[in-house]
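# Inside the fold
The residues making up each chain are set out below.
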Amino acid sequence: MQTGSNTVMSTEHFGTLADGTAVQRWTLERDGTRVRVLTYGGIVQSAEVPDRDGVPAGIALGLPDLASYQEYAGPYFGALVGRYANRIGGASFELDGRTHHLTRNEGRNHVHGGACGFDKRVWDARETADGMELSLVSADGEEGFPGRVELTVAYTLDEGGALRIAYRAVTDAPTVLNLTNHTYWNLAGADSGSALGQRLRIAAGAVTPVDAESLPTGEFLPVEGTRFDFREARPVTKEYDHNFVLDADATTAAAELYDEVSGRVLTVTTTEPGLQLYTADHFDGRPFGPCAGIALETQHFPDSPNRPEFPSTVVRPGEEFVSTTVYGFSVR
């Protein structure tokens, strides 16, 4: 099928869960970009773009079948993460005088939506005028979060083949919400080995430093003179799992990743205030080796429900949660 936006789309059966739920794979193609999205977890299974010589290759770490995504769920390969991306300390938070206790799935803490977050749910899918849209209802009390939340996430290819992911949600009770996409990028090719050495720029003058549990201390650390200073592009090294505080004007280009060998460039623009840089140091070769991909997770800050000094993630009835991130592809 083809949309009026010049995006060519198709769907196919990708697998079936043990309970009989069918999973679809949607393929979107436009201007040299081909992206495949699963209804399981809203996963970006692949993103294929050409190098400077016009030779296409997959640059998003993906897995070949549904069973593999279930087996290797922990790295969140390409997944749509929620209700709350990143960590909430003590797996609890207070809202309007009431304490909410969440699933503990990283020691004493809550991470990436809990034991059965949005990354493990099968979303409903429909074609839209310019792409495809996933929808899901998250029940009141799911993983401990308050409020019944109705969500839609649209995946479209803009002119030039840029991947746009647009999130919307409403709730019937006060809650917290923080959504992201957890794709790992390797601009040299998903099967090329380590992504370290690719050049990264992040429009951020500060980071939120973390403690031994990877929870923010509440400080805003200026990046100048530290290993976190990516204001000028430089090669990525290992051991990053940190939230960068994006500059106020960073919506023009929050981050840019560049591979000198292939010439591929990934540009990230977002409405979010933060970007989590994760270099996947702990990959053990099953199925990818250490630092095989670089995650650039646009989101609000970790543990914001317990940090009033951070931008709020509270959503109330009558309000609409809206967030957009665009991944642009080019060469130089």
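What comes next concerns the included structure. (Residues numbered from 1 in each chain as written. Predicted model: local features only at pLDDT ≥ 70, side-chain atom pairs only at ≥ 80, totals over all residues. Heavy atoms only, no water.)

## Digging into the side chain of Ser46
Within the secondary structure layout, Ser46 lies in strand 4 (residues 44-50). Residues within four places of Ser46 in sequence aside, it is in contact with Arg34, Val35, Arg36 and Ala60. (Helix = DSSP H or I, 4+ residues; strand = E, 2+ residues; numbered from the N terminus. Contact = heavy atoms within 4.5 Å.)

## Thoughts on the sheet that holds strand 19 (residues 204-208)
Read from one edge of the open sheet, six strands run 17-26-25-22-19-20, paired in antiparallel fashion. Sheet topology places strand 17 (184-185) and strand 20 (221-222) at the edges, where each strand pairs with a single neighbour. Note: strand 17 against strand 26 (residues 294-299), two bridges, orientation antiparallel. Residue pairing in the sheet places Tyr184 in a bridge with Ala295 of strand 26. (Pairing = 2+ DSSP bridges.)

## Some thoughts on the sheet that holds strand 2 (residues 22-30)
The strand order across the open sheet formed by five strands is 1-2-3-4-5, and the pairing between neighbours is antiparallel. Looking at strand neighbours, the two that pair on one side only are strand 1 (8-16) and strand 5 (56-58), the edges of this open sheet. Averaged over all adjacent pairs, the angle separating strand axes in this sheet is 15°, with direction ignored. Taken together, the six bridges between strand 2 and strand 3 (residues 33-38) define a ladder with antiparallel strand orientation. In the strand pairing of strand 3, Arg25 is matched with Leu38. (Axes fitted to C-alpha atoms, helices over the stretch in contact; angles between N-to-C directions.)

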